[in-house]
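# Architecture at a glance
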Amino acid sequence: MANRRPPPRRRPVARRARRSAPPRRRSRRQQRRDTQLLLLGFGALAGITLVWAVISWLLVNWWALVVLGALAAVGGTVWAHRYREQQAWDRVRQQALRYGLQQLDALHHRDFEYAIRDLMLRDGCTDARQIGGAGDNGADVLATDPLGRTWVIQAKHRKDGDRGSAVGTPDLQRVNGTARQLYGADVVLVVTNGRFSTRCAPLAQQLHMHLADRRTLATWASGGRPLWELLPKIPPPRKGR
């Protein structure tokens with residue numbers, strides 16, 4: 001047999017040395033975060049040091065606590081006295097509140113709503129508030145009278161008083177559709193410094209609503225009697241209130 005030549009040896013392929021990847025640089029965001037953490041740590045340490053220094057000083061100078069407590073007591077007493085005086089003055093001012101028709105005619109329609117609120121406050125509706133504006137659902141003033149009845153009031157201001165356009169039935173229908181359902185009204189009222197159209201009175205009677213025209217408003221604003229004594233057939237308060 002002929003001698004077979006051994007297969008040629010394969011030379012080992014030299015492996016390429018892997019280059020180590022250069023270290024990644026920290027991103028700016030990470031650098032900022034590290035800086036913020038470092039500053040936060042220094043701030044916390046400084047705060048703790050300051051608090052400890054103050055506590056140590058107060059432990060030695062305990063008389064300062066007595067002085068500070070006395071000053072706080074005096075300041076609180078003065079503030080409480082002034083607060084009670086301010087409340088008393090507000091009550092006197094509300095009870096003495098009077099409006100003339102010329103004053104009411106000169107108001108902006110939004111200020112007219114605030115005037116109605118202030119008159120309700122004067123007569124003892126301590127929670128009276130103005131809510132008129134976008135999305136008011138026809139209500140401008142909400143109030144609870146001293147007998148617990150919830151009032152929903154729509155205020156219709158006329159710049160020219162009773163010489164301006166009359167308040168019509170759509171205004172009544174608008175507030176009637178939401179006053180009881182949304183606000184739980186016992187008394188639904190439309191008040192104006194002007195006049196109502198001839199169709200408003202019959203509709204108000206059918207809807208169990210109340211109207212206060214210019215004449216009624218003049219009597220009420222002058223401070224003679226509260227509004228519920230001027231309007232006929234005001235419902236009694238609900239049972240359980």
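Summary of the structure given here. (Residues numbered from 1 in each chain as written. Predicted model: local features only at pLDDT ≥ 70, side-chain atom pairs only at ≥ 80, totals over all residues. Heavy atoms only, no water.)

## Comments concerning the sheet that holds strand E1 (residues 129-130)
Heads up, the condition is: At least two DSSP bridges between two strands are required for those strands to pair. Put simply, DSSP marks the helices as runs of H or I at least four residues long and the strands as runs of E at least two long, and each gets a number from the N terminus on.
Taken in spatial order, the five strands make up an open sheet running E1-E2-E3-E4-E5, and their pairing is mixed. For this open sheet the edge positions go to E1 and strand E5 (210-212), each flanked by a neighbour on one side alone.

## Quick look at the pairing of strand E3 (residues 150-156)
Put simply, the test is: Throughout, exposure labels follow a simple rule: accessible area from a 1.4 Å probe, protein chains only, divided by the maximum for the residue type, with under 20% read as buried, over 50% as exposed, and the rest as partly exposed.
Burial within E3 is extensive, with seven of its seven residues counted as buried. Taking every second residue as pointing to the same face, both faces of E3 are buried, with Thr150, Val152, Gln154 and Lys156 on one and Trp151, Ile153 and Ala155 on the other. Bridging between strand E2 (residues 141-144) and E3 involves four bridges; their strand directions are antiparallel. Each residue of the ladder has a partner; that of Ala143, found in E3, is Trp151. Hairpin remark: E2 followed by E3, antiparallel, with five residues in the connecting loop; positive phi at Gly148, about 90°. Relative to strand E4 (residues 187-192), E3 runs parallel, the two being bridged by six bridges. Of the residues in E4, the one forming a bridge with Trp151 is Val187.

## Here we look at the side chain of Gln130
Test applied: Between N or O atoms, a polar contact is any pair within 3.5 Å; within protein, one atom must be a potential hydrogen donor and the other a potential acceptor, and residues adjacent in sequence are included only when both atoms are from side chains. Should any heavy atoms of two residues lie within 4.5 Å, those residues are counted as being in contact.
You can see Gln130 is positioned in strand E1. The exposure class assigned to Gln130 is buried, which follows from its relative accessible area of 15%. Engagement of the side chain of Gln130 in a polar contact is seen with the side chain of Glu113, the distance being 2.7 Å. A polar contact is formed between the side chain of Gln130 and the side chain of Tyr114, at a distance of 3.3 Å. Non-local contacts of Gln130, meaning those with residues more than four positions away in its chain, are made with Arg110, Glu113, Tyr114, Arg117 and Asp140.

## A few points about a nonpolar patch on the surface
Our working definition: Patch membership requires more than 30% relative accessible area and the absence of a salt bridge. Residues of like charge join within 9 Å; the nonpolar side chains Val, Leu, Ile, Met, Phe, Trp and Tyr join within 5 Å. Residue exposure ignores everything except the shown protein chains as possible cover, and the areas themselves are Shrake-Rupley values with a 1.4 Å probe. Salt bridge criterion: a side-chain nitrogen from Lys or Arg within 4 Å of a carboxyl oxygen from Asp or Glu.
Together, Trp57, Trp62, Trp63, Leu65, Val66, Val67, Leu68 and Leu71 give the surface a local cluster of nonpolar side chains, amounting to about 890 Å² of exposed area. With six residues, the single largest contributor to the nonpolar patch is helix H2 (residues 63-95). Using a relative accessible area of 56% as the deciding quantity, one classes Trp62 as exposed.

## Things to note about the pattern of salt bridges
Within this structure, the stated rule accounts for six salt bridges. Two residues, Asp118 and Arg117, come together in a salt bridge whose shortest N-O distance is 2.8 Å.

## Looking at the layout of surface pockets
To find the voids left in a structure, one rolls a probe of water-molecule size over its atoms. Applied cut-off: Using a 1 Å grid laid over the protein atoms alone, points where a 1.4 Å probe fits but cannot get out form a cavity; open sets with protein on both sides within 12 Å along at least 5 of 7 lines form a pocket; any residue with an atom within 4 Å of a point counts as lining. Grid points are joined across faces, edges and corners, and a volume is the space filled by probe spheres set on the points.
Looking at the largest pocket, its volume works out to about 400 Å³. Residue lining of the largest pocket: 17 residues in total, with Ala204, Gln205, Met209, His210 and Pro232 positioned closest to the centre. Looking at the lining of the largest pocket, the elements that each hand over two or more residues are E4, helix H6 (200-206) and E5. Examining the composition of the lining of the largest pocket, we find that three residues originate from one element, H6, more than from any other.

## Observations regarding the packing of aromatic side chains
The test is simple: Two rings belonging to Phe, Tyr or Trp (six-membered ring only in the last case) form a pair when the distance between their centres is within 6.5 Å. Interplanar angles under 30 degrees mark stacking, angles over 60 mark edge-to-face geometry, and anything in between is tilted.
Scanning the entire structure with this criterion turns up two aromatic pairs. With a centroid separation of 6.3 Å and 70° between ring planes, the pair formed by Trp57 and Trp63 is classed as edge-to-face. Classification of Trp57 by relative accessible area gives partly exposed; the value is 45%.

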